[in-house]
Each structure stands twice: as C-alpha cells, then as structure tokens.
Amino acid sequence: MSPIKNKHLLVLHHVVVVLLFLTQTCGGQHQMIGPTQPVVAMIGDDIILPCHLEPAVDAVDLTVDWSRTDLKPRSVYVRREGVELLTEQNPLYTGRTSLSVNKLQCGDVSLKLSTVQLSDAGTYKCLVPKFNAETVVTLAVGSVSSPVIELTNVKNEMVLECKSNGWYPEPQMLWVYSEGKPITVEPTKNVRGSDGLYAVSSKVTVEKGQSYSFTCKVQQKNISQIKETHIHVSGDLFMVQSNTAVHITINLAVCLISVGTAVILIWKCGQKKTEISKQDEDENEPHQTEMEEKLQREREEKKRLEDELQNKEEDFEHVRQTIEKLMEQKTSLKNQRTKLNTLLQEDHTGMKEVMKKEKETPKLDKEKKKNKLVDKKTDLEKRIKVHDELLKMTEKLMEETENIIIQMTERKGKLEIDKEQIIKHLRKKQEDIEEIKKKLSEKQARNNEQDRVTRQIKYGVCCFFLLLSFCNVMPNVSLFVCFKFILYTFKQEMQFYCILS
C-alpha cells in the first residue's frame, strides 16, 4: 500500500474518533441497578440510596428523576440537562437531597439524603427516561435508645422497672437472668408518642434479702438493633439499721441545722439571681434558648452553603476538564486540516503533471504509457475527491467544537461568579456564628456565677445527709464535723457574695 493511502486512512480514523467524542452517541440496552435489600438508616443520619446505570454511561447531562408514588407532589429530586429542578420538589425534601457530579460521569445516579426523618421511610423510584431504565429502593428508618433500670421498694418486695424511649419501629423488651434464662415479668407496655416514636417499659418484682443479676434487652429485628443494660442487686442493699433514741435526736439536730443553712443560702442565691435577671432585661438580650436556636439555624444554613459550594466546585472542575479536552481536539483537527490541505496540493500538482504528459506524444510504447497515465489520473481524481470530503468534515467538526468551547467557557464564568457569591455568604454566616457564640459565652459566664451558689448548696445538703448514717456510729464526732462544715460553707459563701456585690 502506498504512503499516501496510509496517510489517508490515518486521518479518516482520527476524524471518526473525534466525531464519536463530540456526538456522544450511546448504543445498546441500559438497565438500572439498585439494592436487593432495604436500606436501613437511623433518624438524623446522612445516607446514600444506591442506583446506577449498567453499562456505565456519562449521566451528567441526562434527566434523572427520583420520586415516591405515595407523596403529593411525588418528586423527591429531579435533575434535567445538568440543572436541579427544585420547583417540582416535595417540600419534605427541601435542602436535603443531592447527586455527585463526579459519580454521574460514571453512570452512578445514587441519591444522597441528609438528616433522615421518620417520614422518609418508603419506596423510592430511580428513573433515567432516555434509556427507559428504572429501579426501586426501599428505605427503612429507625430510632433507638439505651434502656435504664429503676429500683423501687414496696414493703417486703423490690420492683425493678426497665424503660427505654425513642424507638422506631415498635421494639420488644426482654428480661434475662445473668445465667441467660428468661424470667416471667409483667406485660410489656408500648406507647407511641406524638412524634411517632415508641416508649417501652416492663417491670419485674423480686423478694428482698437475696442477690440478683438482671439484664434488660430492647431489640428491633427489622433494623437489626439491640440495646441492653445490666444491674446487680445485693441482698443486703435494703438492710434496716439500728435505731436508738440518741441517734434519732442527733440526726434530727443535724437535719434541722442543714435545713436552716440551706434556707439561708437559697434566699441569698435567689436575691442574686433576681439582680442578674433584671440586668439581662435591662440589656434587652434574647433568651439563651432563642440564641441557641438561632445559632443552630445559622450552622444549618452554613452547612447548606458549604454543600452548594462543593457542588459548584465539582461542576466547575468538570467544565474545566471538558474545555481542556475540546481544546486538544480542536488542535488535533487543525493539524488534520493542514495535512489534508497539503495532500490536496500534492494531488493537484500530480494531476497537472499527468495532464502535461498527456499532451506530449511518446515515441515508444505509446499505448502502454497512455494507459498508465489514465490509471494514474483516475487514482488522483479519487484521492482529490476523498481528501476534499475529509477536509469539509474536518472544518465542520472544528466549527462545532468551537461552539461547544464558547458555551462551556460561558458556563465556567457563571460558575466562578456563583462560587464567589457563595464564599461571600459563607464568610458572613461565619461572622454571625462567631457573634452569637460570643454572646452565648458571656451569658453563660453570668449563669455560672449564679449557679455556683446553687452548687454549693447541693454539695452541702448531700454531705449532711451522708453524715446522718455516720452519726449512728460516732454521733459526737460527726456532730462536730457537721458544725465545722457549716462554718466553712458560710465563710466561702460570704466571700463569694461579697465578690459578686
């Protein structure tokens, strides 16, 4: 094969590759692949609902539709030609759904659902209309909490009650001995609250004077969750102590002294709290709860802006890479055009030479040389026609490539402007958050001042009641210790009160 034909085939191959790249034609049957088992999530989690095209194809500019048929409107998330259509979205999912642009390039149209709610449980349909490919994903939402055991005395018996709130779906409760054997208990109570969550409780009654080891288990098989707590009850836990008249008198005296001290401290603490409350009212400051709620809202808005910025950056990177590829293709097409022009010039020059030789009259082998010139002229005419068609195709591809580059450049500029605006808003949100945190810190410092007195009172009262049992052993010593503690507490309180005043 001649070198000219080799060049011709190589150029034709490059043009076909470029044409396939620009038109992005997709063939074959595509199907949607989803999970075979339900996706389980806890309330408040961020989860992914899996869904992808098989075989993989770039879905950045395709229409992707996530929906639930049991909702009105049914739309959960719609993306069309690279743009999110938020106006069609059900209000329950506002600001909580997104797709990854990087994953879309590989045919992964999985939906990210943030801050899962109880109402999110259900069956979702994932659809790409271009390929008529769809699948369903079932989401099961759950909520769990650890149980606690409370002990209560009832005459000669002891009642153990196990409680656990905030479960969904409805759980089961089970009591077992430390040996692992189940025991007979009162019927379990399951109560569903206004928030849709279940509170479960169960009681077991045992005799005093014996030691027991119990385990309370709460389980929900649908979401594969088990929570448990253990307790060991000693037989001498509720032993009755000796009770003499002397001890009663001493305990009564200690109680009266402690109560009197507590009353005085509470009265002084109340006066100081009133002064601080009036100061807060004079400053017209919002309540601490309102400030905390505002801080939470600002943080949520900041997180939403950060997610939006991340999506814009992913789109920006995708557009940048596309422009680079198109520029490479444009350069390749220019080189091919130059080569085709060179080949055409060579073909025309050869044609002129053949026509010139036709006019000359050969002296020897006239018929043979004439046939050879005719064959060469025919071959040159074919090459000129093919090269001319390839040149037209190349110029058309260059024009289409240039138009796409212009569109992508405009989109890149818009994304840069959007990113700058989001960054500006993020800085403003951060300043607002810092300001609220500063106010909360100042308010917390004032609250700590008034809470310090309250903590001293609680500490003193606890110590007095602990000393009651000690009075049964050494009443004189414990009474002396109580009076010393009272004097110390008064001294510390007076110093603190003077500082605040």
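Scroll up to find the structure.
Our subject in this report is the structure included herewith. Keep in mind the model is a prediction, meaning the values are calculated, not measured.

1. Regarding the overall build of the protein chain
The number of helices and strands found in the protein chain is 6 helices and 18 strands. Per-residue burial over the protein chain gives 36% buried out of 501 residues. When contacts within the protein chain are restricted to residue pairs at least 6 apart in sequence, those whose partners lie at least 24 apart make up 68%. Only carbon and sulfur atoms are counted for the fraction: they give 54% of the accessible area of the protein chain, which is about 31,400 Å².

2. Brief notes about the pairing of strand β5 (residues 64-67)
The side chains of a regular strand alternate between the sheet's two faces. The alternating pattern of β5 places V64 and W66 on one face and D65 and S67 on the opposite face, and all of these are buried. The pairing of β5 with strand β6 (residues 75-80) spans 4 bridges and is antiparallel. Bridging across to β6, S67 finds its partner in S75. Taken together, the 3 bridges between β5 and strand β10 (residues 122-128) define a ladder with antiparallel strand orientation. By the bridge assignment, W66 is partnered in β10 with C126.

3. Side note on the pattern of salt bridges
Pairing is possible between side chains of opposite charge, provided their charged atoms come close. Here the structure, examined in full by the defined rule, presents 18 salt bridges. Between R320 and E317 there is a salt bridge, with its nearest N and O atoms 2.3 Å apart. Placement of both R320 and E317 in helix α4 (residues 288-359) is noted, with a separation of 3 residues, approximately one turn of the helix. The class of R320 is partly exposed, set by a relative accessible area of 27%. A cluster of three or more residues bridged by salt bridges with shared partners is formed by E301, R304 and E308.

4. Some details on the packing of aromatic side chains
Tallied over the full model, the rule gives 3 aromatic pairs. Where Y93 meets Y124, the ring centres are 6.3 Å apart and the plane angle is 85°; that geometry is what we call edge-to-face. Highlighted residues: Y93 in the loop between β7 (83-84) and β8 (97-98) and Y124 in strand β10, separated in sequence by 31 residues. No difference in accessibility class separates Y93 from Y124, as the two residues are buried. An angle of 85° between the planes, with centres 5.9 Å apart, marks the rings of W175 and F214 as edge-to-face. Of this pair, W175 sits in strand β14 (residues 172-177) while F214 sits in strand β17 (residues 212-220); the two residues are 39 residues apart in sequence, bridging distant segments of the chain. Of the two residues, W175 and F214, both sit in the buried class.

5. Section: the sheet that holds strand β11 (residues 133-142)
The pairing of strands in a sheet happens through backbone hydrogen bonds and is either parallel or antiparallel. Spatially, 6 strands are ordered β2-β11-β10-β5-β6-β7 in an open sheet, and the strand pairing comes out mixed. Looking at the sheet topology across the chains shown, the edges are occupied by β2 (39-42) and β7. Where β10 meets β11, 7 bridges bridge the pair, whose relative direction is antiparallel. Directly across from T123, in β11, lies its bridge partner T138.

6. Examining unusual backbone geometry
Between K72 and the following residue, P73, the backbone shows a cis peptide bond with an omega angle of -5°. With respect to the element layout, P73 can be found in the loop between β5 and β6. Geometrically, the link from Y168 to P169 is a cis peptide bond, its omega value of -5° lying close to zero. A positive phi is found at E81, a non-glycine position, where the angle reads about 55°. Along the chain, E81 turns up in the loop between β6 and β7.

7. A few points about the nonpolar core
Core analysis: the largest hydrophobic core is formed by 32 residues, its most contacted members being M32, L49, L53, W66, V109, Y124 and L139. When contributions to this core are tallied by element, the ones reaching two or more residues are β2, β3 (47-49), β5, β6, α2 (101-104), β9 (111-113), β10 and β11. The element best represented in this core is β11, accounting for 4 residues. When near neighbours in sequence (up to four residues on either side) are disregarded, L53 contacts H30, Q31, M32, A59, G107, V128, F131 and A133.

8. Overview of the sheet that holds β9
Spatially, 3 strands are ordered β3-β9-β8 in an open sheet, and the strand pairing comes out antiparallel. Strands with a single pairing partner mark the edges of an open sheet, and in this sheet they are β3 and β8. Bridge count between β3 and β9: 3 bridges; the pairing is antiparallel. The residue of β9 that forms the bridge with L49 is L111.

9. Considerations on the state of the cysteines
According to the stated counting rule, one finds 2 disulfides in the structure shown. The disulfide partner of C51 is C126, and the gap between their sulfur atoms is 2.2 Å. Taking the sign of the S-S torsion, about -90° here, the bridge from C51 to C126 comes out left-handed. On the criterion of sequence distance, the pair formed by C51 in the loop between β3 and β4 (52-54) and C126 in strand β10 is long-range, its members being 75 residues apart. Per residue, the accessibility class of C51 equals that of C126, and both read buried. Two residues, C162 and C216, share a disulfide whose sulfurs are 2.0 Å apart.

Conventions used here
Residues numbered from 1 in each chain as written. Predicted model: local features only at pLDDT ≥ 70, side-chain atom pairs only at ≥ 80, totals over all residues. Heavy atoms only, no water. Helix = DSSP H or I, 4+ residues; strand = E, 2+ residues; numbered from the N terminus. Buried < 20%, exposed > 50% of the residue type's maximum accessible area, 1.4 Å probe, protein only. Contact = heavy atoms within 4.5 Å. Areas by Shrake-Rupley, 256 points an atom, 1.4 Å probe, with all protein chains shown as cover. Pairing = 2+ DSSP bridges. Salt bridge = Lys/Arg side-chain N within 4 Å of Asp/Glu carboxyl O. Phe/Tyr/Trp six-rings, centres within 6.5 Å; stacked < 30°, edge-to-face > 60°. Core = buried A, V, L, I, M, F, W, Y, C linked by side-chain atoms within 4.5 Å. Disulfide = S-S within 2.5 Å.

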